[in-house]
Structures are given as C-alpha cells and as structure tokens.
Amino acid sequence: MNVINVDYDGMIPNNVGLNQDIRVRKALEKWHPGYLDWWQDMGPEGFQQALVYLRTAVSVDPKGWAKFDYVRMPEYKWGILLAPQVEDRKVPFGVHRGEKAWQEVPGEHRAMLRRLIVIQGDTEPASVEQQRHLGKTAPSLYDMRNLFQVNVEEGRHLWAMVYLLQKYFGADGRDEAEALLQRRSGDADTPRMLGAFNEKTPDWLSFFMFTTFTDRDGKMQLEALAQSGFDPLSRTCRFMLTEEAHHMFVGETGVTRVVERTCQAMKDAGIDDPYDIEAVRRLGVIDLPTVQKKANLHFSLSLDLFGNEISTNAANAFHAGLKGRFREERIKDDHQLESGTYPVLRLIDGKIEKQDVPALSGLNMRLRDDYVADCNVGIGRWNRVIETFNIPFQIKLPHVAFHRHIGEFSSVRADVDGNILSDAEWEKRRAEFLPSDSDRDFIESLMTPQYEPGKFAGWIAPPKVGIDNKPGDFEYVKIA
Ligand SMILES: [Fe+2]
Ligand SMILES: [Fe+2]
C-alpha cells in the first residue's frame, strides 16, 4: 500500500491502510450492506443492472487518478481516498495557526467537527435521492452516463465522510453513519438536513442547474473544509474536489448545450425575439426566459446553503481552525481575523444595505461572495453562446435577497434586482421570476428519453467531445 496507489484487494478500496486498521475496517464492513440497501432503494431507479461506462478512482495522483470501464452501479468500487499527506503541515488559520496540523480529533472541538462532517455527509446521499428518477428521461446515453457518474461519486463522498466518522468519532460516529442512511430527501418525518437537498429535481434542466449551482456550493464547502487543521478532513476534501470538478462540468456544459440548441433552433426558424415564448416553444426547445427562471430558482436555493449573514458557528469553526476560507493560502492577512471587518448585505430598517461586520462573523458571506463570483464565470459561458447567435438576451444571477428561506432576506419579498415587494406584488409577479406550473409542464413535455447511441433529444445539443475521448456514437450505457 502506498498513499498514491490504492489498495484494491479488500472489499473496500482505500489508501488509508484499512487492512491494518481492523476496528475501522470491521465497522465499515458492517455499514456496507446498509449502504447497498440504501443504494438499491434510493439510487438510480430502473438502471441498477445497466452496464455504465464509469470512471473509478484508482489513485490520488492528480496526473492520472481514474480508470474507465463498464460497471454495474451496485458493483461500483466505492473507496476511501485521501489526498497525499503534506509533510509538516500546520494549522493554516484561526487561534491555533502555525501549530502542527492535527492527526487526531482535538478534544475541545470534537462536537463542532463532528457536526461539520455530518452536515457535509448528509448532502451526498441526498443528491442521489433527488436525482433517482432522471435516468428514465435521459436525453442521451452520454447524459445518462454523466448522471450516473455524478451519482456514484456522491455515493463515494458519503463513504468519505462515513470513514471519518467511523475512524475518529467512536460510538457517536457509528450512530451518525447509520443516521446518514436513514434520512431521506424530501421526507416529511426524516428529511435531509439542508433545505436545498429536500427539493425535487424533476427534469434534466433542473439537474443541470442543480449541478451548476448546488454542486458548486459543495465545491465551496469542500474548499473551506480542505483548509481544516484536522488533517484527515483536509486530505479527504482535497480528493473530493477532484471529483467535484466533473459535477460542475456536467451542469455548466449541460445548460450550455440547452442554450445552444435553443439559439440554433431560433436562428433556423428566423426568430429573433427571445421573448416570443410561444413561437420558441413550438420548436420543441426551451425558451431562454424559462432557462433564466430555472437559474433564479436553483441559485436562490443554493444561496440558502451558506447560512445566516452573521454567524457565530462560522466564526467559531474558523477560530478553532476547523473550517477556513476559499483559498485561504492565497489571502494576504493575519488568517486569524480577530480584528478587521467584512462588508455584508443586510436588511436594516426594511432596506437592503451594506454593513461592515466583524470579519469572523461575516465568514459565511465571504464564502458566499466567492461562490457568486465563481457562478458568474459559469454563466459567462452560457452568455457567450447566446452572443454568438446575436440574440438579445443575457442570463443573469438574481439579487441575493431574491427568494430566500434562510437569513435576513427570508423575512422580505424581493424581485430579481433586489427591490422589495409587498406580498401582493410578489404573488402577482412570481411567475416572472420563478418557473410556473405551465413552465414546468412544458419542460416535462420535452422529457422523453433518447437511448439510441449517438442520438440526442431535440432540446439539447450534442457535447463537443465525448467522455474519455470516446466517439459520438459510443454506447455509454448498455441498458439491461
Ligand atoms: Fe459530493
Ligand atoms: Fe457533487
């Protein structure tokens, strides 16, 4: 066993020396059947026997860590992979900055650390549950394969968090690992922990928006946890980020292809007005204003994942050295933030105003601002496609006060530009901002599967290149 190459001999592929770690290996082997039951019950419906062309991590070497092959999803090798240990790593921020990074859980921060791991862990199976019906309406085998790749990797991310719980948190860790298999997305009695992970992902545009916006929240959270002074968490998250990049690729290029197809169809039909929705829909493609509304919905739900504007939890986690900032190492300051401020948009006397708050208290918003900037890079790619067709339309992110359920803006109704509306105005204009029932019905009417290799549903353009450089007509999924 070495840290780069993964041990595939046992039941659970890993680079953490499970063979020698009998207690943890036994605990994970005990957890495994429950996981497989969960996967059968809540994983991709109708495709458990299909052979899917999936990548599996076989190394944590950034230059070549995955191999591709046909796999039945329940037989996927969900492994435990930590990025290589950085020699002599120090706690990079907070009150313990400069001390040796912890290889064991620091006793005083145990509860906080466990909570951070459980919250991250809970999102992973949740998204698999949210996406479980989508295989039945896949617009191509290429897309179906990408969906399943995302799904098995979210499953692996659950393994990653469960390993930390089993290895470092004793009996409570075992209980938490069990509970992660018990909660269900959208369940009235035992929902997943965070709101956005209890929403439905009813169609493929939702899936692409989810992977664009909600997986990107995941990326930001992992980036912040990858900074952790608790070294095993840092190493775990660093490797998860390698996989996460593909999830955002799936989302961003998915929407790009939707937009491209719509623009091309409009051009072919001689339609210049993107707001002539009826005419565009008659072409069997999704009009750009509806794409915008879907973006509004998924962006606003994802913003809620960053929590409250002013947060003592975030301050404590940073102070303790457990959860850092996005690219902490590139920031030029004291990395302790005991003094200094950060500007935060707040609701003050019914108005949205920027206020300087203590830098530690504003950490959620700092991460969220980095997130918004990252989202804008992706949206720029969509807009470039629209530009090449000379269609006067731009997709924009809505204001952060729009359609919120967490934080200060949850108490008001704001439009996409951040103007506060009365409840009555909001109700009247709601369908301008968010998908209406008829928008949803229209999208649903397009969701007919296309399972022939190399063919694509009429509302989405083919990708520029195949996965693993496969040719256009490659059979990414052999449906059983
Ligand atoms: Fe994940
Ligand atoms: Fe993801």
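Residues numbered from 1 in each chain as written. Chains lettered and ligands numbered in written order. Predicted model: local features only at pLDDT ≥ 70, side-chain atom pairs only at ≥ 80, totals over all residues. Heavy atoms only, no water.

## Considerations on the overall build of the chain
Under the convention used in this document: Secondary structure elements follow DSSP: runs of H or I no shorter than four residues count as helices, runs of E no shorter than two count as strands, and numbering proceeds from the N terminus. Between buried and exposed lies partly exposed: a residue is buried under 20% and exposed over 50% of the maximum accessible area for its type, with that area taken using a 1.4 Å probe on protein chains only. Computed by Shrake-Rupley with a 1.4 Å probe, the accessible areas treat only the displayed protein chains as cover when residues are assessed.
Each helix and strand in the chain was counted, giving 12 helices and seven strands. Counting over 480 residues, the chain shows a buried share of 58%. Summed over all atoms, the accessible surface of the chain reaches about 19,900 Å², with 48% contributed by carbon and sulfur.

## Description of the nonpolar core
Stated formally: In plain words, nonpolar cores are sets of buried Ala, Val, Leu, Ile, Met, Phe, Trp, Tyr and Cys residues tied together by side-chain atoms within 4.5 Å. Contact criterion: two residues are considered in contact whenever any of their non-hydrogen atoms come within 4.5 Å of each other.
Formed by 118 residues in total, the largest nonpolar core has its most connected members in Phe-213 and Trp-459. Per element, the largest residue contribution to this core is 16 residues, and it comes from helix H3 (residues 141-168). Trp-459 has contacts with Pro-139, Trp-204, Phe-208, Val-258, Arg-261, Gly-284, Val-285, Ile-286, Leu-446 and Met-447, leaving out every residue within four places of it along the chain. Of all hydrophobic cores here, the second largest spans 12 residues; its members include Ala-196, Phe-210, Phe-402 and Trp-426.

## Observations concerning helix H2 (residues 110-130)
Which entries qualify depends on this criterion: Take the number of residues in a helix, subtract one, and multiply by 1.5 Å to get its expected span.
For H2, spanning 21 residues, the distance from its first C-alpha to its last is 31 Å, which sits close to the expected 30 Å at 1.5 Å a residue. In terms of burial, H2 is a largely internal element, 15 of the 21 residues being buried.

## Quick look at the pattern of salt bridges
For clarity, the cut-off: The salt bridge definition used is simple: a Lys or Arg side-chain nitrogen within 4 Å of an Asp or Glu carboxyl oxygen.
For the structure shown, the criterion picks out 33 salt bridges. Taking the shortest distance from any N to any O, the salt bridge between Asp-439 and Arg-281 comes out at 2.8 Å. Of this pair, Asp-439 sits in helix H12 (residues 437-446) while Arg-281 is found in helix H7 (residues 277-282), placing the two residues 158 residues apart along the sequence. The burial state of Asp-439 is the same as that of Arg-281; both residues are buried. Arg-325 serves as the salt-bridge partner of Asp-333, at 2.8 Å between the closest nitrogen and oxygen. Owing to a relative accessible area of 32%, Asp-333 belongs among the partly exposed residues under this scheme.

## Digging into the coordination of the iron ion (ligand 1)
To be explicit about the condition: The rule for donors is simple: an N, O or S atom within 2.8 Å of the metal counts, and for Na, K and Ca the reach is 3.2 Å. Water is not among the atoms, so a site may look short of donors.
Coordination of the iron ion (ligand 1) by the protein involves Glu-124 (OE), Glu-154 (OE) and His-157 (ND1), with metal-donor separations of 2.0 to 2.2 Å. All donors of the iron ion (ligand 1) belong to a single chain; written as a sequence motif, their spacing is E-x29-E-x2-H. Taken as a pair, the iron ion (ligand 1) and the iron ion (ligand 2) show a spacing of 3.5 Å, with Glu-154 coordinating each metal. Linking Glu-124 in helix H2 with His-157 in helix H3, this pair joins segments that are 33 residues apart in sequence. Here His-157 falls in the buried class, since its relative accessible area comes to 0%.

## With respect to the pairing of strand E4 (residues 351-358)
Condition: Strand pairing requires that DSSP identify at least two bridges connecting the strands.
Pairing of strand E3 (residues 341-348) with E4, which is carried by eight bridges, proceeds in the antiparallel orientation. Bridged to Val-344 within E4 is Gln-355. Counting the residues in the hairpin turn of E3 and E4 gives two residues, including Asp-349, whose phi is positive at 50 degrees.

## Concerning the environment of Ile-348
Topologically, Ile-348 is positioned in strand E3. In the structure, Ile-348 is positioned 95 residues away from Thr-253 in sequence and 39 Å away in space, judged by C-alpha atoms. Among all residues touching Ile-348, those that are not within four sequence positions of it are Glu-353 and Gln-355.

## What to know about the coordination of the iron ion (ligand 2)
For clarity, the threshold we go by: A site with four donors is called tetrahedral when every donor-metal-donor angle falls between 85 and 135 degrees; four donors are called square planar, and six octahedral, when opposite donors sit more than 155 degrees apart and all other angles fall between 65 and 115; any other arrangement is irregular.
Bound to the iron ion (ligand 2) on the protein side are Glu-154 (OE), Asp-215 (OD), Glu-244 (OE) and His-247 (ND1), at distances that span 2.0 to 2.2 Å. In this structure, the iron ion (ligand 2) is coordinated by four donor atoms arranged in irregular fashion, with angles at the metal of 90 to 173 degrees. Each donor residue of the iron ion (ligand 2) belongs to the same chain, and together they define the spacing E-x60-D-x28-E-x2-H.

## Considerations on the pairing of strand E1 (residues 51-57)
On any regular strand, side chains alternate: one points to one face of the sheet, the next to the other face. With six of seven residues buried, E1 is to be regarded as a mostly interior element. Sheet topology note: the E1/strand E2 (residues 66-72) ladder contains seven bridges and is antiparallel. Bridge pairing in E2 links Arg-55 to Phe-68. Bridge count for E1 against strand E7 (residues 477-478) is two bridges, and the pairing is antiparallel. Within the sheet, the bridge partner assigned to Val-52 lies in E7 and is Val-477.

## Focus on the sheet that holds E2
Across a sheet, paired strands are connected by hydrogen bonds in the backbone, their directions being either parallel or antiparallel. To be explicit about the condition: Structural elements are reduced to axes, namely lines fitted to C-alpha atoms, with helices fitted over the stretch in contact, and the angle between N-to-C directions of any two is expressed from 0 to 180 degrees.
The three strands are arranged E2-E1-E7 in an open sheet whose pairing can be described as antiparallel. What marks the edges here is a single partner per strand, and that holds for E2 and E7. Each of E1, E2 and E7 touches H3; the most contacted strand, E1, lies at about 45 degrees to it.

## What to know about helix H8 (residues 288-303)
Spanning 16 residues, H8 covers 22 Å between terminal C-alpha atoms, matching the ideal 22 Å at 1.5 Å per step. Burial analysis of H8 places 16 of its 16 residues in the buried class, the great majority of the element.

## Digging into the side chain of Ser-361
In this fold, Ser-361 is placed in the loop between E4 and helix H10 (363-388). Leave out the neighbours within four places in its chain, and Ser-361 touches Glu-309, Ile-310, Ser-311 and Ala-315.

## Quick look at the packing of aromatic side chains
To keep things clear, this is the line we draw: Whether two aromatic rings pair depends on their centres lying within 6.5 Å, for rings of Phe, Tyr and Trp, where Trp uses its six-membered ring; planes under 30 degrees apart make the pair stacked, over 60 edge-to-face, and the rest tilted. Each ring is checked for a lysine NZ or an arginine CZ that lies within 6 Å of its centre and within 35 degrees of its normal; such an atom marks a charge sitting over the ring.
Across all of its chains, the model carries 31 aromatic pairs by this definition. For the ring pair Phe-306 and Tyr-371, a centre distance of 4.8 Å and an interplane angle of 45 degrees mean the geometry is tilted. With Phe-306 in the loop between H8 and helix H9 (312-319) and Tyr-371 in helix H10, this residue pair connects regions lying 65 residues apart in the sequence. The pair Phe-306 / Tyr-371 is uniform in exposure class, with both members buried. Every member of this aromatic cluster is reached through a ring pair, and the members are Trp-31, Tyr-35, Trp-38, Trp-39, Tyr-76, Trp-78 and Trp-159. Above the plane of the ring of Phe-474 lies Lys-470, whose end atom (NZ or CZ) is 5.3 Å from the centre. The aromatic ring of Tyr-70 is capped on one face by Lys-478, whose charged end is 4.4 Å from the ring centroid.

## Considerations on a negative patch on the surface
The following threshold applies: A patch is a set of surface residues, each over 30% in relative accessible area and not in a salt bridge, joined within 9 Å for like charges and within 5 Å for the nonpolar side chains Val, Leu, Ile, Met, Phe, Trp and Tyr. Charge convention: Lys and Arg are scored as positive, Asp and Glu as negative, and His as well as the terminal groups of each chain are ignored. Charge positions are represented by NZ for Lys, CZ for Arg, CG for Asp and CD for Glu.
A contiguous patch of negative charge on the surface is contributed by Asp-272, Asp-273, Asp-276 and Glu-278. With respect to the helices and strands, Asp-276 occurs in the loop between helix H6 (231-269) and H7. Relative accessible area serves as the criterion here: at 35%, Asp-276 is assigned to the partly exposed category.

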